[in-house]
Every structure is written in C-alpha cells, then in structure tokens.
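# Inside the fold
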Amino acid sequence: MLMLITYDISLADEGGATRLRHIAEHCLDYGVRVQYSVFECDIVPDQWVVLKNKLLNTYNPHTDSLRFYHLGSKWRGKVEHHGAKKAIDIYQDTLIL
C-alpha cells in the first residue's frame, strides 16, 4: 500500500532539529523523499505499524504535525506529478537505499 507522509517539525525548541532529523531518517528507511517534508512509502501493513509507531514516538504532539495519507494499493491513478524533480516510479525505477 502507498502511504504519503508529511510532517512539520518545530525548530523553536532545543530538540526540534534532532526530531526533524530522526523523522526524516525513519521515513527514509521505508520510502522515498518526494519533497523536503513529504515521503512516499510503499509498505505492507506490518511495516506501516512499525513506521507509524516510530514516528509517533519521535514527534512532539504539542509543537509538531504529522499527516498520513492512505493511498492504498490502487494509487497509480490517484497520483499526478508536474514540474521539477522527476517523479520516481517505485516499481519501474531502480532505487538505491
């Protein structure tokens, strides 16, 4: 299933930069960065449970924001890309993680 993960981590407090880095690292373990704070993750439900728990245990609910968009397994007709930054087809392109 394709999950779109977006986040906004506050840098106003001392731990913000660390949380921002850790959130990005967690997302990179499971997906591809498509914009600075946006990741596409094609994962199975078991992996999603693990990733979601990592993210929820990392962010600060009082200052940060996480959004999860469940695009499911039939996402191809739901995603459209225009402009710079070539879109990566996770089924056709070679990914090096």
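Keep in mind the model is a prediction, meaning the values are calculated, not measured.

## What to know about the UniProt feature "binding site: Mg(2+)" (unreviewed entry) in the protein chain
- What UniProt calls "binding site: Mg(2+)" (unreviewed entry) maps, in this numbering, to Asp8.
- We classify aspartate 8 as exposed; its relative accessible area is 55%.
- What aspartate 8 contacts, discounting residues up to four positions off in sequence, is Asp64 and Ser65.

## Regarding the nonpolar core
- Counting residues in each nonpolar core, the largest one holds 15 residues, and the members touching the most others are Ile5, Tyr7, Cys41, Ile43, Leu51 and Leu55.
- Listed by contribution, the elements that provide at least two residues to this core are β1 (2-8), α1 (16-28), β3 (38-42) and α2 (45-58).

## As for the pairing of strand β2 (residues 32-35)
- Pairing of β2 with β3, which is carried by three bridges, proceeds in the antiparallel orientation. The partner of valine 32 across the bridge, within β3, is glutamate 40.
- Hairpin connection, β2 to β3: the antiparallel pair is bridged by two residues.

## What about the environment of cysteine 41?
- Looking at the element boundaries, cysteine 41 is found in strand β3.
- Taking C-alpha positions, cysteine 41 is 8.6 Å from leucine 28, a pair spaced 13 residues apart along the chain.

## A word on the sheet that holds β1
- Spatial strand order, β2-β3-β1-β4: four strands in an open sheet with antiparallel pairing. Of all the strands in the sheet, just β2 and β4 (65-72) have a single pairing partner and so form its edges. Geometrically, the sheet is characterised by an average inter-axis angle of 25° between neighbouring strands, direction not taken into account.
- With five bridges joining them, β1 and β3 adopt antiparallel strand pairing. What sits directly across from threonine 6, in β3, is valine 38.
- Along the sheet, α1 contacts β1, β2, β3 and β4; its crossing angle with β1, the most-contacted strand, is approximately 170°.
- Lying on the sheet, α2 is in contact with β1, β3 and β4; it crosses β4 at an angle near 165°.

Calculation notes
- Residues numbered from 1 in each chain as written.
- Predicted model: local features only at pLDDT ≥ 70, side-chain atom pairs only at ≥ 80, totals over all residues.
- Heavy atoms only, no water.
- UniProt positions renumbered as here; feature names shortened; annotations may be inferred.
- Buried < 20%, exposed > 50% of the residue type's maximum accessible area, 1.4 Å probe, protein only.
- Contact = heavy atoms within 4.5 Å.
- Core = buried A, V, L, I, M, F, W, Y, C linked by side-chain atoms within 4.5 Å.
- Helix = DSSP H or I, 4+ residues; strand = E, 2+ residues; numbered from the N terminus.
- Pairing = 2+ DSSP bridges.
- Axes fitted to C-alpha atoms, helices over the stretch in contact; angles between N-to-C directions.

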